[in-house]
Amino acid sequence: MNPLQLLISTISGFVGIYLVLLFIRILLSWFPTIDWLNPPFSILTQLTDPYLNIFRSFIPPLGGLDFSAILAILALQLLKSALEQVQVSVAMQNSLLG
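Residues numbered from 1 in each chain as written. Predicted model: local features only at pLDDT ≥ 70, side-chain atom pairs only at ≥ 80, totals over all residues. Heavy atoms only, no water.

### Quick look at the nonpolar core
Leu22, Tyr51 and Leu76 are the most contacted members of the largest nonpolar core, which totals 15 residues. Of all the secondary-structure elements, those providing two or more residues to this core are helix H1 (3–28), helix H2 (39–56) and helix H3 (68–97). Residues contacting Tyr51, with those up to four places away along its chain left out, are Tyr18, Leu22, Ala72, Ala75 and Leu76. (Core = buried A, V, L, I, M, F, W, Y, C linked by side-chain atoms within 4.5 Å. Buried < 20%, exposed > 50% of the residue type's maximum accessible area, 1.4 Å probe, protein only. Helix = DSSP H or I, 4+ residues; strand = E, 2+ residues; numbered from the N terminus. Contact = heavy atoms within 4.5 Å.)

### Some words on the pattern of salt bridges
Tallying each qualifying case throughout the model produces three salt bridges. The salt bridge involving Asp49 is made with Arg25; its shortest N-O contact spans 3.0 Å. Within this pair, whereas Asp49 is found in helix H2, its partner Arg25 is found in helix H1, the two being separated by 24 residues in sequence. Judged by its relative accessible area of 11%, Arg25 falls in the buried class. In this structure, Glu84 and Lys80 form a salt bridge, with 3.4 Å as the shortest nitrogen-oxygen distance. (Salt bridge = Lys/Arg side-chain N within 4 Å of Asp/Glu carboxyl O.)

If you want it as C-alpha cells, here you go:
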C-alpha cells in the first residue's frame with residue numbers, strides 16, 4: 001500500500017468514526033434529561049458541535065427539530081464515498097503501473 005492509499009484509508013476511517021459519533025450525539029439529543037456538562041457527554045459535544053454548527057448556520061432548528069444534522073451526515077457520507085472511489089482508482093492505477 002503506497003502512502004497516498006494509506007492517507008486516504010486513514011481519512012476514510014476517521015470519517016466513519018466521526019459519523020458514528022454524530023449518530024450517537026443526535027440520538028442522545030432526543031433525551032432532554034441528559035446533562036451535557038457531564039464528562040462523557042461534554043466530550044461528545046465538544047467533538048461534534050463545531051461541525052454541526054456549520055450546518056446550523058444554514059438551517060436553523062424549526063419547531064425544535066434540528067434538520068441541519070441530516071445535511072451534516074449527508075455531507076460526511078458523500079465525502080466518505082468520494083474517498084472510497086479515489087482509493088479504488090488509485091489502487092487500480094497502481095496495479096496497472098506496476
